[in-house]
Amino acid sequence: MEDAPARIQEIIQAIAVLEQNPLIGRPAEMDKRELIIGRRSRGDVALYRDLSELDTIFVLNRPGF
């Protein structure tokens, strides 16, 4: 079984990278982007939207995330 606290910390750290690099994720539909978190079977995708005019990034809900 996966170490949940460590996995949560990994996700938080990955999303924190967006603060300095909001365009790091791959382009997705409708002005959204996808941030790959982890590798192989531990991998997840965070769907987000960068609103640079508001200096804000919204991480969006995605099934299975």
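Along the chain, the regular secondary structure elements total one helix and four strands. Across the 65 residues of the chain, 23% fall into the buried class. Partitioning the intrachain contacts of the chain with sequence separation of at least 6 by distance along the chain shows that 28% fall at a separation of at least 24. For the chain, the exposed surface amounts to about 5,000 Å²; the carbon and sulfur share of it is 54%.

Moving on, we come to the sheet that holds strand β2 (residues 33-37). What the four strands build is an open sheet, ordered β1-β2-β3-β4; its pairing is antiparallel. Either end of the sheet is taken by a strand with one partner, and the two such strands are β1 (26-27) and β4 (56-60). In the packing of helix α1 (residues 4-16) onto the sheet, contacts are made with β2, β3 (44-51) and β4, and the angle to β2 comes to roughly 140°.

Let us look at the pattern of salt bridges. By the definition in use, this model includes four salt bridges. Linking Glu 34 and Arg 26 is a salt bridge whose minimum nitrogen-to-oxygen distance equals 2.6 Å. Given the relative accessible area of 43%, Arg 26 is considered partly exposed. The network of salt bridges with common partners includes Arg 7, Glu 10 and Asp 44.

The element β2 is largely enclosed, with a buried count of four among its five residues. Two elements, β1 and β2, share two bridges in a ladder whose sense is antiparallel. From the neighbouring strand, Pro 27 faces β2, where its bridge partner is Arg 33. Counted between consecutive antiparallel strands, the loop separating β1 from β2 contains five residues, among which Met 30 sits at a positive phi close to 55°. In the sheet, β2 pairs with β3 via five bridges, with the strands oriented antiparallel. Its bridge partner being in β3, Leu 35 is matched across the sheet by Ala 46.

The next point concerns the pairing of β4. Both β3 and β4 contribute to a ladder of five bridges, which runs antiparallel. Residue pairing for β4: Leu 47 is matched across the bridge by Leu 60. The antiparallel pairing of β3 with β4 creates a hairpin that spans four residues between the two strands, and Asp 55 there sits at a positive phi of about 55°.

Rules and cut-offs
Residues numbered from 1 in each chain as written. Predicted model: local features only at pLDDT ≥ 70, side-chain atom pairs only at ≥ 80, totals over all residues. Heavy atoms only, no water. Helix = DSSP H or I, 4+ residues; strand = E, 2+ residues; numbered from the N terminus. Buried < 20%, exposed > 50% of the residue type's maximum accessible area, 1.4 Å probe, protein only. Contact = heavy atoms within 4.5 Å. Areas by Shrake-Rupley, 256 points an atom, 1.4 Å probe, with all protein chains shown as cover. Pairing = 2+ DSSP bridges. Axes fitted to C-alpha atoms, helices over the stretch in contact; angles between N-to-C directions. Salt bridge = Lys/Arg side-chain N within 4 Å of Asp/Glu carboxyl O.

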